[in-house]
Amino acid sequence: MAKGQEQAAPDAVLTRIGQVVMLHHAGDREEARHRFLGLWAEIGEHGDPLHRCTLAHYLADTQDDPGDELAWDLRALSAAEELAEDRPTDRCRGTLAARALYPSLHLNLAADYDRLGHREAARVHLRRARGAAGSLAPDRYGEGVRAAIDRLERRLGEDGPTPDRHDRPDGRWGPPRQRP
């Protein structure tokens, strides 16, 4: 297959993730979680960062426990950060994917931390979501993420930067790397 055709070919793993997302959106949360975990076992914690990021991002939404949801959202952010690293073979793919995912990833983390009562951590990630939202297109998805950021800002009473004592100097959070 020619190089251009290979790049245009659909990604089977992302297609499978999308199928499970549809199952989840149809209301079968338990089965979706079960299938997502099966995919995670196939991909592994050292698999393709785009696959891990996408899968962990959606898998978080199927969790019943807020702590478990946070752990999966942190895994998704960690994989997105790997995507954004300078990797010559996937540089464009990774950079674009990470840029598109950061607003939603940080928004989810902000909501997770808020549910767990960690308001300062929630505010840090909410500000990161707002800052990253500038890269979103003015389409339905982008407007939806911006609206969700606005709602969470109102709920948290966000009124400007507040340093978080748990934030690392490099601006990154330390996600768990163990399997669920």
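An account of the accompanying structure is given in this report. Each residue is numbered by its place in its chain's sequence as written, counting from 1. pLDDT decides what is reported in this predicted model: residues at 70 or higher carry local features, side-chain atom pairs at 80 or more are listed and counted, and totals for whole chains, interfaces and linings draw on all residues regardless. Only heavy atoms go into the side-chain values, all of them from the structure, while hydrogens and water stay out.

## Brief notes about helix 3 (residues 29-43)
Then step 1. A rise of 1.5 Å per residue sets the reference length of helix 3, with its 15 residues, at 21 Å; its end C-alpha atoms lie 21 Å apart and thus fit the reference within 8%.
Then step 2. Residues of helix 3 that are buried sit in contact with helix 2 (12-25), helix 4 (49-60) and helix 5 (66-84). The helix and strand labels rest on DSSP assignments: H or I over at least four residues marks a helix, E over at least two residues marks a strand, and numbering proceeds from the N terminus. To estimate the expected span of a helix, subtract one from its residue number and multiply by 1.5 Å. Residues count as neighbours in contact if any of their non-hydrogen atoms are within 4.5 Å of one another.

## A word on the environment of threonine 54
Then step 1. Tracing the backbone through its elements, the reader meets threonine 54 in helix 4.
Then step 2. Note on threonine 54: relative accessible area 14%, which makes it buried.
Then step 3. When the C-alpha atoms of threonine 54 and isoleucine 17 are compared, they prove to be 7.8 Å apart, with 37 residues separating the residues in sequence.
Then step 4. Beyond its immediate stretch of four places on either side in the chain, threonine 54 contacts Leu14 and Ile17.
Then step 5. Here a polar contact means two N or O atoms within 3.5 Å. Within protein one must be a hydrogen donor candidate and the other an acceptor candidate, and residues neighboring in sequence count only if both atoms are side-chain atoms. For threonine 54, the side chain forms a polar contact with the main-chain oxygen of leucine 50, separated by 2.8 Å. Think of it in three bands: with a 1.4 Å probe and only protein chains considered, a residue is buried below 20% of the maximum accessible area for its type, exposed above 50%, and partly exposed in between.

## Some words on the packing of aromatic side chains
Remark: the centre distance and the inter-plane angle together describe each pair of aromatic rings, the angle taken between the planes.
Then step 1. Pairing of aromatic side chains here covers Phe, Tyr and the six-membered ring of Trp, requires ring centres within 6.5 Å, and sorts the geometry by plane angle: under 30 degrees stacked, over 60 edge-to-face, intermediate tilted. By the definition in use, this model includes one aromatic pair.
Then step 2. Judged by centre distance (4.9 Å) and plane angle (85°), the ring pair of tryptophan 40 and tryptophan 72 falls under edge-to-face. Of this pair, tryptophan 40 sits in helix 3 while tryptophan 72 sits in helix 5, and the two are 32 residues apart along the sequence. For the pair tryptophan 40 and tryptophan 72, a shared accessibility class is recorded, and that class is buried.
Then step 3. Directly above the aromatic system of tryptophan 72 lies the positively charged group of arginine 75, at a separation of 4.4 Å from the ring centroid. Whether a charge sits over a ring comes down to the Lys NZ or Arg CZ being within 6 Å of the ring centre and within 35 degrees of the ring normal.

## Notes on the packing of helix 3 against helix 4
Then step 1. For helices, the fitted axis covers only the stretch in contact; all axes are lines through C-alpha atoms, and the angles between them, taken along N-to-C directions, range from 0 to 180 degrees. Helix 4 packs onto helix 3 with a crossing angle of 155° between their chain directions and a minimal axis gap of 10 Å. Between helix 3 and helix 4, the angle is such that the two are roughly antiparallel. The two elements helix 3 and helix 4 cross, and the hand of that crossing is left-handed. Across the interface between the two elements, Arg33, Phe36, Leu37, Leu39, Trp40 and Ile43 of helix 3 pack against His51, Arg52, Leu55, Ala56, Tyr58 and Leu59 of helix 4.
Then step 2. Broken down by class, the residue content of the contact of helix 3 with helix 4 amounts to nine nonpolar, one polar and two charged. When an angle is under 35 degrees it counts as roughly parallel; over 145 it counts as roughly antiparallel; between 65 and 115 it counts as roughly perpendicular; any other value is oblique. By definition, any crossing whose near helix is turned counterclockwise from its far helix by less than a right angle is left-handed, and any crossing with a clockwise turn is right-handed. For this scheme, ten residues count as nonpolar: Ala, Val, Leu, Ile, Met, Phe, Trp, Tyr, Cys and Pro. Four count as charged, namely Asp, Glu, Lys and Arg, and the remainder, Gly too, count as polar.

## Overview of the packing of helix 7 (residues 119-132) against helix 8 (residues 140-156)
How two helices pack is summed up by the angle between their axes together with the distance between the axes.
Then step 1. In contact at an axis separation of 10 Å, helix 7 and helix 8 are set at 150° when each is read in the N-to-C sense. Accordingly, the angle class assigned to the pair helix 7 and helix 8 is roughly antiparallel. Helix 7 and helix 8 meet at a crossing whose hand is left-handed. Across from Arg119, Ala122, Arg123, Leu126, Ala129 and Arg130 in helix 7, the residues of helix 8 making contact are Arg146, Ile149, Asp150, Leu152, Glu153, Arg155 and Leu156.
Then step 2. Here the residues of the contact of helix 7 with helix 8 sort into six nonpolar, no polar and seven charged.

Remember, this is a structural readout, not a statement about activity or role.
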